[in-house]
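If you want the building blocks of each chain, they are given just below.
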Amino acid sequence: MSSCPGLCEAMPSPLLSTLTPFVARFDRATVLAPGLFVSLDKRKPRAPGEGSALQVTFVFQKLKRTVSFEGPEQLGASDLRVLQGLMAMATAASLGRVAEGSAVLAGGWQELVRACGVRSKAGETIEPRSTSGRRSEQLQKSLQRLASVRVTASDRADGGEPLVSTDPSCDTRDGFRVSFCAELMGALGAGSNGKQYLTVDMVEARELRADAARLLHFRLANVNAGSSREFTQAEMEHMIWGADEADTDAIRKHRRRLLAQAVAAVGALKGWNVQAVQGVKGAWVWRVSRPKPRGAPEKRKT
């Protein structure tokens, strides 16, 4: 019998391979908060403690509402992959429809690996080249980093809550039990903001191996499906590295190369189009077009 309380009784998730569409719902603040998830540049050495703390805020201009994220260290692309996997599983399980207080996602490590993994060109799931125990250890460390992030909103007086909460009574050898903050639960359908969410196509995300491409794809979820938006070079770089400035020519060249590769990878996804165009003010910008949702009906021609 599982020693992770409630693991067997949790709402069963559909097989990931059968989900159409296979998506993860996210709230706007988690997707668009500048620098919440960044590529941790190994080429740029940092002194101990330098720039390691996380403190970012997203402002809903029309609502005059802010959502802040604070934590002891920055979150990287590996942490984003894990959160995307969790949210994909929660979306599939319709967790937002579960009664408040009972909305807990339970699962096994292999299931989470499949949910947040990447795919080869042949469509095979690529798992990290390590033992099962090593994989679960890596996922647990990422969960700890996500759980260390505190989310506060200007319209709530609760003092904030963890981005993700883990059940300390769960025996991690068997799997995990997690719950989500109010912002993420709202994206899943709970509360008064249940219809406000952005959708990340996980079939697409799993095809992107590089950190920069995965981060760029995540942030571009704000481009409405079936439409296009334009971004400057600086805005595209900010989606990947946040406010971290490239302070040497070598780092700047390296990042430009990574961005070009990320743009090519996202642009190669079915239905996506990312190209450099001349903007209305004459400056060159990136125009990004997203495909319509899978299964969306075509508009009738009149």
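First, a word on scope: everything that follows refers to the structure included in this document.

Reading guide: rules and limits
Residues numbered from 1 in each chain as written. Predicted model: local features only at pLDDT ≥ 70, side-chain atom pairs only at ≥ 80, totals over all residues. Heavy atoms only, no water. Phe/Tyr/Trp six-rings, centres within 6.5 Å; stacked < 30°, edge-to-face > 60°. Helix = DSSP H or I, 4+ residues; strand = E, 2+ residues; numbered from the N terminus. Buried < 20%, exposed > 50% of the residue type's maximum accessible area, 1.4 Å probe, protein only. Lys NZ or Arg CZ within 6 Å of the ring centre and 35° of its normal. Pairing = 2+ DSSP bridges. Axes fitted to C-alpha atoms, helices over the stretch in contact; angles between N-to-C directions. Polar contact = N/O pair within 3.5 Å; in protein donor to acceptor, adjacent residues only side chain to side chain. Salt bridge = Lys/Arg side-chain N within 4 Å of Asp/Glu carboxyl O. Parallel < 35°, antiparallel > 145°, perpendicular 65-115°, else oblique. Contact = heavy atoms within 4.5 Å. Nonpolar A, V, L, I, M, F, W, Y, C, P; charged D, E, K, R; others polar. 1 Å grid on protein atoms, 1.4 Å probe; cavity = no way out; pocket = protein on both sides within 12 Å on 5 of 7 lines; lining within 4 Å. Points joined across faces, edges and corners; volume = space filled by probe spheres on them.

Turning to the packing of aromatic side chains, a few remarks are in order. Taken as a whole and judged by the stated rule, the model has 4 aromatic pairs. Where Phe37 meets Phe218, the ring centres are 6.1 Å apart and the plane angle is 90°; that geometry is what we call edge-to-face. Within this pair, whereas Phe37 is found in the loop between α1 (28-32) and β2 (54-60), its partner Phe218 is found in helix α7 (residues 211-219), the two being separated by 181 residues in sequence. For the pair Phe37 and Phe218, a shared accessibility class is recorded, and that class is buried. Taken together, a centroid distance of 4.8 Å and an interplanar angle of 85° make the contact between Phe58 and Phe60 edge-to-face. Here the basic side chain of Arg25 rests over the ring of Tyr197, its NZ or CZ set 3.8 Å away from the ring centre.

The strand order β4-β10-β9 describes an open sheet built from 3 strands, whose pairing is antiparallel. Of all strands in the sheet, those bounded by a partner on one side alone are β4 (105-107) and β9 (164-166). Looking at each pair of strands side by side, their axes are set apart by 30° on average, direction ignored. In this structure, β4 lies alongside strand β10 (residues 176-180), joined through 3 bridges in antiparallel fashion.

What follows is about the side chain of Arg177. Examined against the element boundaries, Arg177 turns out to sit in strand β10. Residue Arg177 is classed as buried on the basis of its relative accessible area of 17%. At 3.0 Å, the side chain of Arg177 forms a polar contact with the side chain of Asp167.

Here the structure, examined in full by the defined rule, presents 12 salt bridges. Note that Asp211 is salt-bridged to Arg81, the shortest N-O span being 2.9 Å. Placement of Asp211 in helix α7 and of Arg81 in helix α2 (residues 77-92) is noted, with a sequence separation of 130 residues between them. Across the pair Arg287 and Glu230 runs a salt bridge whose closest N-O atoms are separated by 2.8 Å. Separated by 57 residues along the polypeptide, Arg287 in strand β14 (residues 284-289) and Glu230 in strand β12 (residues 228-231) bring together distant segments of the chain. Of the residues examined, Arg287 reaches a relative accessible area of 30% and is grouped as partly exposed. Salt bridges here are not isolated pairs; linked through shared partners, they connect Arg65, Asp155, Arg156, Asp158, Glu161 and Glu183.

What follows is about the packing of helix α8 (residues 233-241) against helix α9 (residues 249-267). For the pair α8 and α9, interaxial distance at closest approach is 11 Å and the crossing angle is 90°. When the interaxial angle is binned, α8 and α9 end up roughly perpendicular. Contact with α8, carried on its side by Gln233, Met236, Glu237, Ile240 and Trp241, involves Arg255, Arg256, Leu258, Leu259, Ala262 and Val263 of α9 and no other residues of that element. Broken down by class, the residue content of the contact of α8 with α9 amounts to 7 nonpolar, 1 polar and 3 charged.

Further remarks concern the environment of Lys64. On the secondary structure map, Lys64 appears in the loop between β2 and β3 (65-71). The exposed category is assigned to Lys64, whose relative accessible area is 76%.

The next thing to look at is empty space enclosed by the protein. Applying the stated criterion across every chain, the model contains 2 cavities of 30 Å³ or more. Approximately 50 Å³ is the volume attributed to the largest cavity. Taken together, Thr30, Val31, Ala33, Gly35, Leu36, Phe37, Leu215, Phe218, Arg219 and Met239 make up the lining of the largest cavity. At the level of elements, α1 and α7 are the ones that each hand at least two residues to the lining of the largest cavity. If you tally residues by element for the lining of the largest cavity, the top one is α7, at 3 residues.

Let us look at α7. With 8 of 9 residues buried, α7 is to be regarded as a mostly interior element. Of all the residues in α7, the buried ones are Ala212, Ala213, Arg214, Leu215, Leu216, His217, Phe218 and Arg219.

With that settled, the discussion passes to the sheet that holds β12. If you walk across this open sheet you meet the 3 strands as β12-β14-β13, and the pairing is antiparallel. Where the open sheet ends on each side, the last strands, each with one partner, are β12 and β13 (273-278). Put simply, the sheet's adjacent strands are angled 30° from each other on average, direction ignored. In the sheet, β12 pairs with β14 via 4 bridges, with the strands oriented antiparallel. Pairing of Arg229 across the sheet is with Val288, part of β14. The strands touched by α8 within the sheet are β12, β13 and β14, with β12 carrying the most contacts at an inclination of about 95°.

Distances and angles like these do not, on their own, reveal function.
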